[in-house]
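For reference, the chains in residue letters:
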Amino acid sequence: MGPDREQSAAGRGRIDMSLLKQCKQRVSDVIEHESGQLHALSQDIWKAPELAYQEHAAHHLLTSFFSSRAWEVQAHYHLDTAFRAQWTSEPSDSPRLHVAFLCEYDALPGLGHACGHNLIAEVSVAAALGLRGALESVHPPRQIQITVLGTPAEEDGGGKVDLIKAGAFEDMDVVFMAHPAQDDAAYLPDIAVHDVTVKYYGKASHAAAYPWEGINALDAAILAYNNISVLRQQMQPSWRVHGVIKHGGVKPNIIPSYTELEFYLRAPSRKDLAELQEKASACFSAAATATGCKVELCSSSHDYYNVLPNKTLAQAYIENGKQLGMQFTTNDQVLNALSGKV
């Protein structure tokens, strides 16, 4: 490369950095201008918590928000309470880049928005508005498509898995979502999780008059719970199993003919999770064998896999966050703590 071409390339580099700085400032200005409306949106979602697949009020708030700002909105996108809001820049000769942001907005039963999904929605909406504002100020225009996906049912069911299976993510180049936490971090370990409902079927009988005629499904449930508790001694330190007895019988003088438990199994990787599932299933089956009950294991088809870190994006997040005054944690206990969806 000759001197003239080197100077030209260097010049383009300086122009690009200047443009990047200009775009970042424009993003901040747009978000600041919309801050009142964004806060109101988050508060309205927080005040009316809705469970998985039933987020009708939040869905209406978000779709109305984007429709009022001239975004192309598909209100019921593959799921009744999912949506897709889209904006595309002016056509140009540059290759098209498709950037997406995810909104969550379902709540926990009895706790409301304890996981801050109202904040996830607010942050993604803000980021999308800021990016659009920056791109509208760029000349010549870049060929960028921005999509905001409303992804319901994170707490129960797995709306994102539904949307993946429906092809909602197929044409996207990069997808962003930020989750609230007690400390600022670019990445926290997010482990794989599998849910299982355990049902025991026995035989009802009067507990005082004819106990020998019964097959006690509650005994099976108790044994299953205790089997899991005993298994913990041999579990890997990073494995987690926790559960509840959802149905334990009807009355004390009736030997229960049906009981039901629900467990979550968690492990750092899909491979570990499969091993943990096998061990847990043996615990459930053993309880059925010991009591003479029949056992049925039911699981959703929507397991969450462990999240893999993207070091390049994480570093960019840290560098830009520090410029905005964020203080990232260096606490190893926080950075290495195991967490998981649901």
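The structure displayed is predicted, hence computed values, not measured ones.

## Thoughts on the overall build of the protein
Per the secondary structure count, the protein includes eight helices and 10 strands. Computed over the C-alpha atoms, the radius of gyration of the protein is 26 Å, more than 25% above the 20 Å expected from 2.2 N^0.38 for a compact globule of 342 residues. If you line up the protein on its principal axes, its C-alpha atoms span 95 × 45 × 35 Å. When each of the 342 residues of the protein is scored for burial, the buried share is 37%.

## Focus on the UniProt feature "domain: Peptidase M20 dimerisation" (unreviewed entry) in the protein
This chain's UniProt record puts "domain: Peptidase M20 dimerisation" (unreviewed entry) on residues 196–287. For residues 196–287, the end-to-end C-alpha separation is 15 Å, with 36% helix and 26% strand making up the annotated structure.

## With respect to the pattern of salt bridges
Oppositely charged side chains are able to pair whenever their charged atoms sit close together. All told, the structure shown has six salt bridges when counted by the stated rule. Between E104 and K160 there is a salt bridge, with its nearest N and O atoms 2.4 Å apart. With E104 in the loop between β3 (97–103) and α3 (117–136) and K160 in helix α4 (residues 159–165), this pair connects stretches of sequence that are 56 residues apart. On the basis of relative accessible area, K160 is assigned to the buried category, the value being 15%. A salt bridge links K203 to E213, with the shortest nitrogen-to-oxygen separation between them at 4.0 Å. On the criterion of sequence distance, the pair formed by K203 in the loop between β6 (190–201) and α5 (217–231) and E213 in the loop between β6 and α5 is long-range, its members being 10 residues apart. Its relative accessible area of 40% is what places E213 among the partly exposed residues.

## Let's talk about the packing of α5 against helix α6 (residues 270–291)
The N-to-C vectors of α5 and α6 enclose an angle of 145°; their axes lie 8 Å apart at closest approach. By crossing handedness, the relation of α5 to α6 is classed as right-handed. Listed contacts from α6 to D219, A220, L223, A224, N227, I228 and L231 of α5 are K279, A280, C283, F284, A286, A287, A290 and T291. For the contact of α5 with α6, the class distribution of residues is 11 nonpolar, two polar and two charged.

## Focus: the environment of I144
Looking at the element boundaries, I144 is found in strand β4 (residues 144–150). Taking the C-alpha atoms as reference, I144 lies 52 Å from A282; in sequence the two are 138 residues apart. Look past the residues within four positions of I144 in its chain and what remains in contact with it is W87, T88, S89, L97 and L135.

## Digging into the packing of aromatic side chains
Taken as a whole and judged by the stated rule, the model has 10 aromatic pairs. A centroid spacing of 6.2 Å and a plane angle of 20° characterise the contact between F83 and Y105, whose relative ring orientation is stacked. Here the residue F83 occupies a position in strand β2 (residues 83–88), and Y105 occupies one in the loop between β3 and α3, the gap between them amounting to 22 residues. An angle of 40° between the planes, with centres 6.3 Å apart, marks the rings of Y225 and F263 as tilted. Taken together, the positions of Y225 in helix α5 and F263 in strand β8 (residues 258–267) put the pair 38 residues apart, joining distant regions of the chain. An aromatic cluster of at least three residues, connected via ring pairs, comprises F65, F66, W71, F83 and Y105. Taking the ring centre of Y305 as reference, the NZ or CZ of R270 above it sits at 3.8 Å.

## Let's talk about the environment of D93
Tracing the sequence through the fold places D93 in the loop between β2 and β3. Counting along the chain gives 50 residues from D93 to Q143, while the straight-line C-alpha distance between them is 7.4 Å.

Rules and cut-offs
Residues numbered from 1 in each chain as written. Predicted model: local features only at pLDDT ≥ 70, side-chain atom pairs only at ≥ 80, totals over all residues. Heavy atoms only, no water. Helix = DSSP H or I, 4+ residues; strand = E, 2+ residues; numbered from the N terminus. Rg over C-alpha atoms; globule rule 2.2 N^0.38 Å. Buried < 20%, exposed > 50% of the residue type's maximum accessible area, 1.4 Å probe, protein only. UniProt positions renumbered as here; feature names shortened; annotations may be inferred. Salt bridge = Lys/Arg side-chain N within 4 Å of Asp/Glu carboxyl O. Axes fitted to C-alpha atoms, helices over the stretch in contact; angles between N-to-C directions. Left-handed = near helix turned anticlockwise from the far one by under 90°. Contact = heavy atoms within 4.5 Å. Nonpolar A, V, L, I, M, F, W, Y, C, P; charged D, E, K, R; others polar. Phe/Tyr/Trp six-rings, centres within 6.5 Å; stacked < 30°, edge-to-face > 60°. Lys NZ or Arg CZ within 6 Å of the ring centre and 35° of its normal.

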